[in-house]
Every structure is written in structure tokens, then in C-alpha cells.
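Examining the three-dimensional arrangement
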Amino acid sequence: MSKEKEKEKGSKAVATAISPTRTEDYPEWYQQVVKAADLAELSPARGCMVIKPWGYGIWENIQKILDKRFKETGHQNAYFPLFIPKSFLEKEAEHVEGFAKECAVVTHHRLEKGPDGGLVPAGPLSEPYIVRPTSETIIGAMFAKWIRSYRDLPLLINQWANVVRWEMRTRLFLRTTEFLWQEGHTVHATAEDAREETLRMLDVYTDFCEGSLAIPIVRGEKTESERFPGAVNTYSIEPMMQDRKALQGGTSHFLGQNFAKASEIKYLDQAGAEQFAWTTSWGVSTRLIGALVMSHADDNGLILPPRVAPTHIIIMPMVHKVGTEEKVMEYCNSLANELRAKIYAGREVEVHIDRRDLRGGEKMWSWIKKGAPICMEIGPRDVDAGAVFFYRRDQEPGKKANMPRAEFVAKVGEILEDIQGALFRRANNFMMENTRLIDCKEEFYAFFTPKNAEKPEIHGGYALTHWSGESSVEAKIKEDLNVTIRCIPFVDERSPIRALLEGDRAPAVCPFTGKASRGRVLFAKAY
């Protein structure tokens, strides 16, 4: 008997649609959720993935929401070349050093038949091209042409593109050689304006993750060792996954004048004096889909926040008797049209009628695994009663509800928003339950050490611990525990960890050195 059938028949056996479960083997559970939800699969090109329609539908909604926010904050979209001359990367030494080991390099411009009949590279390039790992240098070269005066500033540009960073260990959405992202690049007349832009975009990412993805965020500044190559300051958003590891969800960089000087981005100020500009860059990628899976999915599959779900409602006609199909389908079609006329979170409610010739249980479980927010089963009795019979994906599969059709149509936006809110609260509670203040080295090491070294169980979480600021301490902890400082967290009115820290009376002393500490930092294992 299949696991889905066991659940349908009310078997007492603990059965799940995804095997293994999170607690049994979290990394494999993640891969199986991605597969069962039909999000993506590996491609014949090593290290690359094919994003399938359901997965790409999520990315499209991520794009739409963020693109709207970018434009509301004054940014415009543009596109820049995939190929970057090697000499461009060499202009910024720290930048090239940070990406050198991940670069794919194009050295020839054509193929010819070799002596054995196979194809061989021919036509060596006079200068190799780097396949875009990020675009600061090539965009900087264009900005240097576009900017002449303070009147041209600020220049606020965003690019939606793909990038290539060579990966040896592939994990769908989390680490692939090629991935999709957006990268913002801006130029300013003053350091103050550039810093404001850097933090403004960090807030845009935070608002998006919390409001649209229903993922709570700890945000803050990266330490020097975790800083973007060539940046003066790097800021990040750090959500906690269900294995209690952090995932860097997005970054925003204050680049100072480093890239402006490397790319000769200058302008004439109001006094007519030539000045180097100040620049920023910031980005998020399809990695957010991985974060979505690991934040919300359960042992039955994906759970999608309605605001980014490709489809909000699945209607499944249930026709078991001859002669009832026409009235059931007519009811489903008219119900779908009523729902599509409703607006939720700035979008028309998306409805799909599943007409596949499958058993009802198979249909239902396929959508449970894909994470559709609401699934409906409509049969002749529902038609006669003028009702809907539905299941919310944020609740247990057996918990179904019956509601008059008119009431459901009227309340559909409220129901979807209730699902959205429930997912955020659940994820936030999980993060806070697994975040603690730690002031003792022994407790810290115990917190991040699994009981089973051969097959580590889910352990650890977020440790808010004092740190002396010494990079040697940071390096030692990483070597011993594979734990890093995710960020020096912001503690303000929107910070989820603020309540934890308000009553903190522990001495500001680093537990690893006994030296004074400027404040607590966020330690965690991470992807």
C-alpha cells in the first residue's frame, strides 16, 4: 500500500508522502521535496539545473513582486553582457581573488573537426572572457561612460540575469553552477547617499522575505571574513531553515569608491571639481526557492505561501456516477470564474481545474506535494448544496472544511492571507525556539556538536554570543565546528531577536578569549 493510500484509509502506521522525513535524513528529504513538488531537476550540463514550470512560476512571482519594489524605489532595469574581459576583473585585485576559483573562462571562439573526427576548440581569443560570476566590473565600465556630472546622479540600475560560479557539489536551488538572480548597481555623489541605498535595499529584501515568502529574517552586517570581495561593508538577511542552519538569503554591499576607482567612475561636482563616485551592489537569487522549501515544507511535501504560489486554488471535479459530470463541470467552471474575479495581494486569484483522468486521491496528493495553498473537491452533493469542500495546505491533510460557496468566494482573500500569516508565525516561532544567548565556551561547543558524529541529527540553531572581534577566534570556531558568524545583527524595532536581548544583563565578555566584546554576534552553521 502506498504512503498516500495509508493516509487516505486512516492507517495507524506513521506514513508520509516524502521519504525520508526531515528527522531521518534532512539533506535527502530536501532533494525529495524538490522532486515531488516538480520544481526542478539536474540537467545534462554538469552542475546546472532545469527549473520546471511549477518552480519557474514561483520565480516569476518573486520577480514580479521585487521588480515592483525596485521601481517604486526609483530603479530601472537594464541588461549587460554575459561575457566579461579578464582584464576587467584584474582591475580590482580583491574582487578577482574572491571569485577566481569559481570562474568559467572562454578561451576560443569556434569549433573545428579534429584528427579523430571529433570537435576541438579553435580560434584562440586574444583575451579570455569570464562568464559572468557577478557584474560589478562590466557595469562599472559602462557607468564610467554614462556619468559626467553630479546631475547624472544617483544612477539606479537593476539587472535580471543568469550567472555562473563553478560548483563541485550541486544541490538544486542552493548550489548550482548556473543560477538566476537580480543584481542592483547604483552610483552616488556621496558616501552617505550610497550607505542609505545599501540599507534601503536590505530593508526591501527583508520586507519581501517576511511579507511575501513568510520567512522571518535576522539582518545585520557581515564580518570582514564574510564580506563581499572588494566591498567596504556587506549586509545580509539570514533566515533559519528547519534543520536550524542559516541560509544567506540576500546581500547588499556598500562598495565605497573601490570599484569607482577601478572603473574610473567620476563626475564633476557642483563646484566643477572632478570626484570619484560612490557605488553599491545588491542581489538575491533562485536560492530563495531553496529557502522557501526548507522554511515551510513538511514530510508530505512543499507548502507554498499564497503570495508567491503559481496557483492559489486547485479545483478537483469528483465524478463517480454516470450523468453527473456535466453539472459538476459546469459548477466548477462557474466557481473558478467567480474566484478569478477576486484580487488577493495585488494579483487575480489564480485557479486551476484539474481535469486529469486520475483517482481523486492521486490528484489530491499530487497537489499536496506541490504545496498548492487550497485544494477543493467538488462532487454532485457539493453542487446540490451550493457548497465547497476544501483543504488548506498549512493544515493536516485530513482536516477538511465545508463552506457555502458564496461565503467562500467572499472570504477567499481572507483565507489565503490567513494561510500566509500562519506560515510566517510558524516559521518565526521555530526560529525563536532555536535561538539562544550563550555566554560559555563549553555550552557553545555542546550546542553545535551533534550527538551522532557519523550521521548528525538536526542540532544547533542560532547562538547570540559575545565576540572580541578577532578574526583568529572566528577562524578557529569555523575549523572546529563549521560554525560561522552569520552577521552582527541589527537590534531595532523590527528585529525578531530584540526581545531576547532587551533583558540581557550578561557581561560583555567574549567567552572564547575573556576579552571585552562590543556586542553579541549571530553564530550558526550555514548553507
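Residues numbered from 1 in each chain as written. Predicted model: local features only at pLDDT ≥ 70, side-chain atom pairs only at ≥ 80, totals over all residues. Heavy atoms only, no water.

The subject of this paragraph is the overall build of the chain. Along the backbone of the chain there are 16 helices and 25 strands. Dimensions of the chain along its principal axes, counting C-alpha atoms only, are 80 × 65 × 60 Å. For the chain, with 527 residues in total, the buried portion stands at 53%. The contacts of the chain with a sequence gap of at least 6 include a subset with a gap of at least 24, amounting to 71%. Looking at the chain as shown, the accessible area adds up to about 24,400 Å², and 50% of this sits on carbon and sulfur atoms. (Helix = DSSP H or I, 4+ residues; strand = E, 2+ residues; numbered from the N terminus. Buried < 20%, exposed > 50% of the residue type's maximum accessible area, 1.4 Å probe, protein only. Contact = heavy atoms within 4.5 Å. Areas by Shrake-Rupley, 256 points an atom, 1.4 Å probe, with all protein chains shown as cover.)

Take the layout of surface pockets next. By volume, the second largest pocket is sized at about 370 Å³. Forming the boundary of the second largest pocket are 25 residues, of which Arg 22, Gln 242, His 296, Asp 298 and Arg 426 lie nearest the centre. Listing elements by their share of the lining of the second largest pocket, those giving two or more residues are helix H9 (287–296) and helix H13 (405–433). Broken down by class, the residue content of the lining of the second largest pocket amounts to 11 nonpolar, 6 polar and 8 charged. (1 Å grid on protein atoms, 1.4 Å probe; cavity = no way out; pocket = protein on both sides within 12 Å on 5 of 7 lines; lining within 4 Å. Points joined across faces, edges and corners; volume = space filled by probe spheres on them. Nonpolar A, V, L, I, M, F, W, Y, C, P; charged D, E, K, R; others polar.)

This brings us to the sheet that holds strand E18 (residues 351–353). Overall, mixed pairing links the 5 strands, which are arranged E18-E15-E19-E20-E21 in an open sheet. Pairing within the sheet leaves two strands with one partner each, and these edge strands are E18 and strand E21 (400–404). In this sheet, adjacent strand axes meet at a mean angle of 25 degrees when their direction is disregarded. Pairing of strand E19 (residues 374–378) with strand E20 (residues 387–392), which is carried by 4 bridges, proceeds in the antiparallel orientation. Across the sheet, the residue bridging to Met 376 is Phe 390, located in E20. Contacts from helix H11 (residues 360–370) reach strand E15 (313–317), E18, E19, E20 and E21 within the one sheet, and its direction differs from that of E15 by about 170 degrees. (Pairing = 2+ DSSP bridges. Axes fitted to C-alpha atoms, helices over the stretch in contact; angles between N-to-C directions.)

This model, assessed by the stated rule, comprises 2 cavities of 30 Å³ or more. Considering only enclosed or pocket space, the largest cavity measures out at about 80 Å³ in volume. Lining the largest cavity are Glu 136, Ile 139, Gly 140, Phe 143, His 185, Thr 186, Val 187, Leu 255, Phe 259, Ile 265, Thr 279 and Thr 280. Tallying contributions element by element places helix H6 (residues 136–146) first for the lining of the largest cavity, with 4 residues. Per-class residue counts for the lining of the largest cavity are 6 nonpolar, 5 polar and 1 charged. The volume enclosed by the second largest cavity comes to roughly 40 Å³. Within the lining of the second largest cavity, the residues separate by chemical class into 4 nonpolar, 2 polar and 2 charged. When residues of the lining of the second largest cavity are sorted by domain, at least three fall in each of domain 1 (30–98 + 134–295) and domain 3 (435–524). (Domains from an automatic or database assignment.)

Along its sequence, the chain is carved into domain 1 (30–98 + 134–295), domain 2 (313–431) and domain 3 (435–524). Placing the centre of domain 1 and that of domain 2 at their C-alpha centroids yields a distance of 37 Å. Counting residues at the interface gives 17 residues for domain 1 and 12 residues for domain 2. Carbon and sulfur atoms make up 69% of the area that domain 1 and domain 2 hide from each other, which totals about 1,200 Å². Among the residues domain 1 hides against domain 2, the three largest losses belong to Trp 54, Ala 214 and Pro 216. Together they make up 42% of the total. For the pair domain 1 and domain 2, the number of links is 0 salt bridges. (Buried area = accessible area lost by both parts, 1.4 Å probe. Salt bridge = Lys/Arg side-chain N within 4 Å of Asp/Glu carboxyl O.)

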